[in-house]
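A closer look at the structure
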Amino acid sequence: MNEEILNGLADAVIAGDVEKAEKCAKDSISADMDAYTSIMEGCAKGMNVVSKKYECGETYVPEILCSAEAMNAAMDILKPHLKADATAVPKKIVLGVTKGDVHEIGKNLVKLMLEAAGFKVIDLGKDVPTEKFVAAVKEEDADICALSALMTTSMIFMPDVIREVKRVKPSIVTMVGGGPLSAATAETYGADGYAKDASVAVKVAKDLVRSV
Amino acid sequence: MFGLMTGQKIDRIPVSPFAMGYAAKVCGFSIGDFYANAKVNFRSQLMAADMHGYDSSPMYGYASIGAWEFGGKIGFPYEVGHGAPYVIEHPVETPEDVDRLEIPDPSRAGSNPISMEVAKQCNALGLPAVFQVGGFITFAGNIMEPARMLLWMIRKPELVHKVISKVLAFQKLTADWYIDTFGPEKCMVFSGGATESNKLISAKQFETFTLPNEIAINKYVLDKGIHSVLMHPCADQNANIPHYRKIREECGWRGRYVWNFGPETPLEKQIEMFGAHDIIGGNVDPPSFQTKSFDEVIMLCKDNIERGMKNPSGYILMPGCELPPLTPPINVHAMMTAARKFGSFE
């Protein structure tokens, strides 16, 4: 029964089926299942499949946005039932699009994938100045600072952000991504990691956290 | 470039660096003024072309087209970090807004008056009067907010179709306005957009939402007598290429088309699909102009030239998108040097 519900949750997320996701989430509560398990073995499992399909070119952003709707609908039902001690302290990621840049589809996909993988994401949004990244890293005691840019005019702020967040927290790891970036540019900018798109961002983040 | 497009004998491959914000900066203007002021736009493009000796003529356009034209708000790129106009307010936020959306008067809509002013200055010098059509997914995304549009492509596809049909009607009116002002033989169409990228949508979604409209607008301008079209399928559109070919087939391969794909699309693939009829425009990796050295840019251009010159219908050295505004001028010189050294016909 429990496995059926978890598979149902995962399938609902993969299909972007909001009604089914809500029903499965409610069923899991009724069956007295652990909410954290439902999130990780149901919703997150489904989103991981979606992420892999995107990486392989088998699904696209419209479908991912539907999956996100389904996942969020289930999470809204499950979250109030999370036990305070049920999870380990999640790794914190400060995420944002650098100054001058208002393109945030890529950043929002990264956020979605990271949250599904269990990271706590502090989303600073778009057009974020260096000082705001620094303040957030300090205030949240973040583990990772992740920067996105879609324009060559805004990616130039990445070295400043990387330098400044490392100044306030030397142990922080940084990762960058976005259309005009490459692994070589990321290295030049002093980033610890580079994700070419949202589908690989989780792997890069996990590898970086493990390496610290 | 005009020589290549009109079938005249040329002594080297043309160079068109797709320089917009770069032209402003290298001439000492702000990028904000470049997009907000037709005189600055025209003059800086002309001066930069004259300084470097490249072959493109001025044109007005930007990727956020559509929002302002249909009643939303854009910001001009005056801040550090800005590279082009950006949308502040999308005219469609709710399903009800779609029905309320009116087809604007092209002579007063958004950036159209600025674009027309640039075209008039071009026309006065015998250069083509360029206007922007096509790119329906990009255009509609700017009207509806890209993520909302992408979600509605599945949840409320009829609303996306409805917006796109209004975009098509507006683009036809815009085409008429330019053709009536200059005559079709003096006009050139620019068509492109990045939201069509296969990083965002599938080839099937391209086929469903945009292909019929692309065929319609291309047929429309060709039937009106326009001969020159610059197609810029921005970013990774490899999966859409068969559909772009379908546009040309449906139009009987009429007109002189230039294809400027993103750097993700190999030149060989473009030659295979379009080379019997159409010119291929470069596609050197754009960020490399900003981040690499003079020697590295020369080598990237050399490789592109050697592969592109195999196109039987002609080749233009171009970046695969707009030249980064912060490109060091020496790397535009590298383009010119590579074209003279490796792209000469003498």
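Residues numbered from 1 in each chain as written. Chains lettered and ligands numbered in written order. Predicted model: local features only at pLDDT ≥ 70, side-chain atom pairs only at ≥ 80, totals over all residues. Heavy atoms only, no water.

1. Description of the interface of chain A and chain B
Stated precisely, the cut-off is as follows: Note on definitions: a residue-residue contact is assigned when non-hydrogen atoms from the two residues lie within 4.5 Å. Here's the idea: put two parts together, see how much 1.4 Å probe accessible area each one loses, and the total over both is what we call buried area. Throughout this description, a polar contact denotes any pair of N or O atoms lying within 3.5 Å of each other; where both atoms belong to protein, one of them has to be capable of donating a hydrogen while the other can accept it, and for residues adjacent in sequence the pair is counted only when both atoms sit in side chains. Secondary structure is summarised from DSSP: a helix means a run of H or I of at least four residues, a strand means a run of E of at least two, and numbering begins at the N terminus for each.
Counting from both sides, the interface comprises 25 residues of chain A and, opposite them, 26 residues of chain B. Looking at the side of chain A facing chain B, the largest losses of area belong to Tyr60(A), Pro62(A) and Thr153(A), adding up to 25% of the total buried there. Counting across the interface, chain A meets chain B through 10 residue pairs in polar contact (both at pLDDT 80 or more). Here the element with the most residues in the side of chain A that touches chain B is helix α4 (residues 61-78) of chain A; it accounts for 6 residues.

2. Topic: helix α9 (residues 198-211) of chain A
Residues and elements named next belong to chain A. Definition in use: The span one expects for a helix is its residue count, reduced by one, times 1.5 Å. Each residue is placed in one exposure class: buried if its accessible area under a 1.4 Å probe, protein chains only, is under 20% of its type's maximum, exposed if it is over 50%, and partly exposed if it falls in between.
Counted at 1.5 Å a residue, the expected span for α9 with its 14 residues is 20 Å, and the 20 Å between its end C-alpha atoms agrees. Regarding α9, the residues found buried are Ala 198, Ser 199, Val 200, Ala 201, Val 202, Val 204, Ala 205, Leu 208 and Val 209. Packing partners of the buried residues in α9 comprise α3 (35-55), β1 (92-97), α5 (105-116), β3 (144-148), β4 (173-177) and β5 (193-195).

3. Brief notes about the domain arrangement of chain A
All names here are of chain A. For clarity, the threshold we go by: The split of the chain into domains comes from an automatic or database domain assignment. Each reported salt bridge corresponds to a side-chain nitrogen of Lys or Arg within 4 Å of a carboxyl oxygen of Asp or Glu. Here the nonpolar group is Ala, Val, Leu, Ile, Met, Phe, Trp, Tyr, Cys and Pro; Asp, Glu, Lys and Arg are the charged ones; every other residue, Gly included, is treated as polar.
Along its sequence, chain A is organised into domain 1 (2-81) and domain 2 (92-211). Put simply, the middle of domain 1 and the middle of domain 2, counted by C-alpha atoms, are 26 Å apart. Between domain 1 and domain 2 lies a buried interface of about 940 Å² when both sides are counted; carbon and sulfur atoms form 78% of it. Counting across the domain 1 and domain 2 interface gives 0 salt bridges. One can count 0 residue pairs in polar contact (both at pLDDT 80 or more) joining domain 1 with domain 2. Contributing elements (two or more residues each) for the side of domain 1 that touches domain 2: α3 and α4. No other element matches α3, which puts 6 residues into the side of domain 1 that touches domain 2. A class-by-class count of the residues in the side of domain 1 that touches domain 2 yields 8 nonpolar, 1 polar and 1 charged.

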